[in-house]
Amino acid sequence: MSGLFSLEGRTAVVTGARSGIGRAIALGYAGAGAHVIAWGRTAAVEEVVAEITAAGGSAEAVVADLSDLEAARSTARSLARDRQVDVLVNNAGIIRRGASEDVRYEQWREVRTVNLDAVWLLCQEIGASMLERQRGRIITIASMLSFQGGRQVASYAASKHAVLGLTRALANEWAGRGVGVNALAPGYVVTANTAPLRADEQRAAEISGRIPAGRWATPDDLVGPAIFLASEAAAYVHGEVLAVDGGWLAS
Ligand SMILES: NC(=O)c1ccc[n+]([C@@H]2O[C@H](COP(=O)([O-])OP(=O)(O)OC[C@H]3O[C@@H](n4cnc5c(N)ncnc54)[C@H](OP(=O)(O)O)[C@@H]3O)[C@@H](O)[C@H]2O)c1
């Protein structure tokens, strides 16, 4: 990998690394030379660490449930203290579907806690150590629902709009202090997150028909853009949202 895009010598924390987009980014970062700290909700994330090390990469696991904000904060604080984290990818996220008039507050709060509050906490704890060293890259995972309302996913759309606002706000504060903050906005990706959409034949066909690239994304489609935003190649990119959507937003 050319120097501009190499992650050699970097330590990267990737949350939600057990599956889907987070797993692909963790594997991709290790392939680009990073030491990966794979953050999982449960110890099942060890499987990804084993996969990385079997391929000759460097990785370790950290386990903490991000819906427990005290656990999230103390884990992030320990990482910031014990490791020089160069890259933070706030990938973990959940979606809950339901008509807004029926959704209970607990469900709303659950989505907000994992998708927004925990992201903010990790940015704050790990970002502070990056600011001290005047070096770091933070990547948040936005969504098409950072721009659109979606159907029956109000808590998710609200959280992903807020992630974009947080990304821009942090970029504005930290760009001049050596820390770059940007968002990746995946389009429709084949993961557990979108399984119910794909199970609905009509909805799946509607979505596919609107994607100019003519197909859904795979998690691997996010890897190159995620490496770019973590690398020296993106040194002057701040507060940007990079849509990786097969052209969805352009259509
Ligand atoms: N798929 C898409 O089309 C799409 C589009 C736009 C944005 N996104 C975003 O992409 C990110 C990754 O989602 P995905 O599509 O890859 O779906 P996924 O396969 O369901 O991955 C979500 C990951 O987040 C982890 N996670 C969930 N709750 C957690 C918690 N409380 N604490 C720690 N980790 C937790 C999950 O761990 P467990 O499996 O152990 O629960 C899982 O590894 C999310 O932020 C999602 O909103 C996805």
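Everything discussed here concerns the structure shown above.
Remember, it's a predicted structure, so these values are computed and weren't measured experimentally. (Residues numbered from 1 in each chain as written. Predicted model: local features only at pLDDT ≥ 70, side-chain atom pairs only at ≥ 80, totals over all residues.)

1. Examining the sheet that holds strand β3 (residues 58-63)
Next up, step 1: Taken together, seven strands build an open sheet; the order of strands is β3-β2-β1-β4-β5-β6-β7 and the sheet is parallel. Pairing within the sheet leaves two strands with one partner each, and these edge strands are β3 and β7 (241-244). For this sheet, the mean inter-axis angle between neighbouring strands, taken without regard to orientation, is 20°.
Next up, step 2: Against the sheet, helix α2 (residues 46-54) makes contact with β2 (35-40) and β3, and its axis sits at roughly 175° relative to β3, the strand it touches most.
Next up, step 3: This element, helix α5 (residues 154-174), spans β5 (136-141), β6 (179-186) and β7 of the sheet and lies at about 160° to β6. (Pairing = 2+ DSSP bridges. Helix = DSSP H or I, 4+ residues; strand = E, 2+ residues; numbered from the N terminus. Axes fitted to C-alpha atoms, helices over the stretch in contact; angles between N-to-C directions. Contact = placed C-beta atoms within 7 Å.)

2. Some details on the site of the ligand
Next up, step 1: In the vicinity of the ligand there are 28 residues, among which G16, G20, G93, T191 and N193 approach most closely.
Next up, step 2: Taken together, the residues of the shell around the ligand break down into 11 nonpolar, 14 polar and three charged. (Near = placed C-beta within 6 Å. Nonpolar A, V, L, I, M, F, W, Y, C, P; charged D, E, K, R; others polar.)

3. Considering the packing of helix α1 (residues 20-31) against helix α8 (residues 223-230)
Next up, step 1: It is at 9 Å that the axes of α1 and α8 come closest, and there the two elements cross at 60°. With respect to α8, the axis of α1 lies oblique. Note on packing geometry: the crossing formed by α1 with α8 is right-handed. Facing α1, whose interface residues are A24, I25, G28 and Y29, α8 presents V223, A226, I227 and A230.
Next up, step 2: Its residues assigned to classes, the contact of α1 with α8 shows seven nonpolar, one polar and no charged. (Parallel < 35°, antiparallel > 145°, perpendicular 65-115°, else oblique. Left-handed = near helix turned anticlockwise from the far one by under 90°.)

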